[in-house]
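Chain and residue survey
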Amino acid sequence: HLVVPAGFVPAADDANEKTARNTLAEAARSLAGWTAHTRTRIAWQAGSENPETLAAFLGEIDNAGLFELDLNPGGLVMRAHDPLKALNVLGARVGIVSALDHFRGGGEAVFGQGDVRWGEVFVGLSGLQRRTPFNVLAGCRIDGDRMAMLTKAVSRLTQLRSNPLS
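An account of the accompanying structure is given in this report. Computed from a predicted structure; not experimentally measured.

Some thoughts on the sheet that holds strand β7 (residues 135-138)
Here we have 5 strands laid out as an open sheet, ordered β1-β2-β3-β4-β7, and parallel in their pairing. In this open sheet, the two edge strands, each paired with only one partner strand, are β1 (2-4) and β7. Taken over all neighbouring pairs, the strand axes of this sheet differ in orientation by 25° on average, direction set aside. Pairing of strand β3 (residues 67-71) with strand β4 (residues 94-99) involves 3 bridges; the strand directions are parallel. Note that in β4 the partner of Leu69 across the bridge is Val94.

If you want it as structure tokens, here you go:
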């Protein structure tokens with residue numbers, strides 16, 4: 001995957017951001033043209049836009065299915081979006097799931113200790129109709145003993161894999 005941290009995608013009806021949206025769309029189409037020849041899969045990293053805006057934008061720029069999504073349930077929760085509703089809108093494009101936890105309206109949490117309902121997220125992911133598997137990436141950007149935090153994250157992910165509602 002080539003992960004593209006493109007940032008905020010303005011809504012199509014936002015007249016003040018029309019130039020920014022058009023520029024972002026042009027850049028994405030250029031990237032898609034390049035990756036089509038290299039067989040590279042693109043994972044679009046969501047910004048702070050709502051899932052419906054992102055789904056509409058990706059639909060406008062990519063009708064060939066070249067763009068997948070780096071779904072970050074923690075980032076969605078942090079910005080008051082429901083990850084399960086986002087899966088309903090964006091599920092067909094999920095290629096990577098970033099296993100970063102967050103608090104509602106706040107910062108990052110150690111995986112499994114924030115406000116993301118991970119069991120429900122994994123049940124939702126298991127229902128996706130995909131031809132290819134998605135990757136789950138555990139990470140941590142919190143200061144402190146990152147190795148211990150990542151070890152906890154991997155342990156919790158393993159537990160969720162065998163019993164999502166544990």
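Here's the deal with empty space enclosed by the protein
Take a probe with the size of a water molecule and roll it over the atoms, and the empty space left behind shows itself. Scanning all chains against the criterion turns up 1 cavity of 30 Å³ or more. One number sums up the size of the largest cavity: a volume of about 30 Å³. What lines the largest cavity is Asp101, Glu108, Ala109, Val110, Phe111, Gly139, Cys140, Met149 and Ala153. Counting only elements with at least two residues in the lining of the largest cavity, the list comes to β6 (108-109) and α6 (146-162). Looking at the lining of the largest cavity, its residues break down into 6 nonpolar, 1 polar and 2 charged.

Regarding the layout of surface pockets
Roughly 270 Å³ of internal volume is contained in the second largest pocket. Lining the second largest pocket are 21 residues; nearest its centre among them are Gln45, Ala46, Asp70, Asn72 and Ser98. For the lining of the second largest pocket, the secondary structure elements donating two or more residues are α2 (51-61), β3, α3 (73-78) and β7. Tallying contributions element by element places α3 first for the lining of the second largest pocket, with 3 residues. Residues that form the lining of the second largest pocket fall into these classes: 10 nonpolar, 7 polar and 4 charged.

Rules used throughout
Within every chain, residues take consecutive numbers counted from 1 along the sequence as written. Local features in this predicted model are restricted to residues of pLDDT 70 or higher, and side-chain atom pairs are both shown and tallied only at a pLDDT of 80 or more, whereas totals for entire chains, interfaces and linings draw on every residue. The side-chain quantities take in all heavy atoms of the structure and omit both hydrogens and water. DSSP bridges decide pairing: two strands pair if at least two such bridges lie between them. Helix and strand assignments come from DSSP, with helices taken as H or I runs of at least 4 residues and strands as E runs of at least 2, each series counted from the N terminus. Axis definition: a line fit to C-alpha positions, over the contact stretch in the case of helices; interaxial angles, taken between N-to-C directions, run 0 to 180 degrees. Residues are said to line a cavity or pocket when one of their atoms sits within 4 Å of a point; the points come from a 1 Å grid over protein atoms alone, cavities being sets where a 1.4 Å probe fits but cannot get out and pockets being open sets with protein on both sides within 12 Å along at least five of seven lines. Grid points are joined across faces, edges and corners, and a volume is the space filled by probe spheres set on the points. Throughout, the ten residues Ala, Val, Leu, Ile, Met, Phe, Trp, Tyr, Cys and Pro are labelled nonpolar, Asp, Glu, Lys and Arg are labelled charged, and all others, Gly among them, are labelled polar.

In short, shape yes, function no, at least from these values alone.
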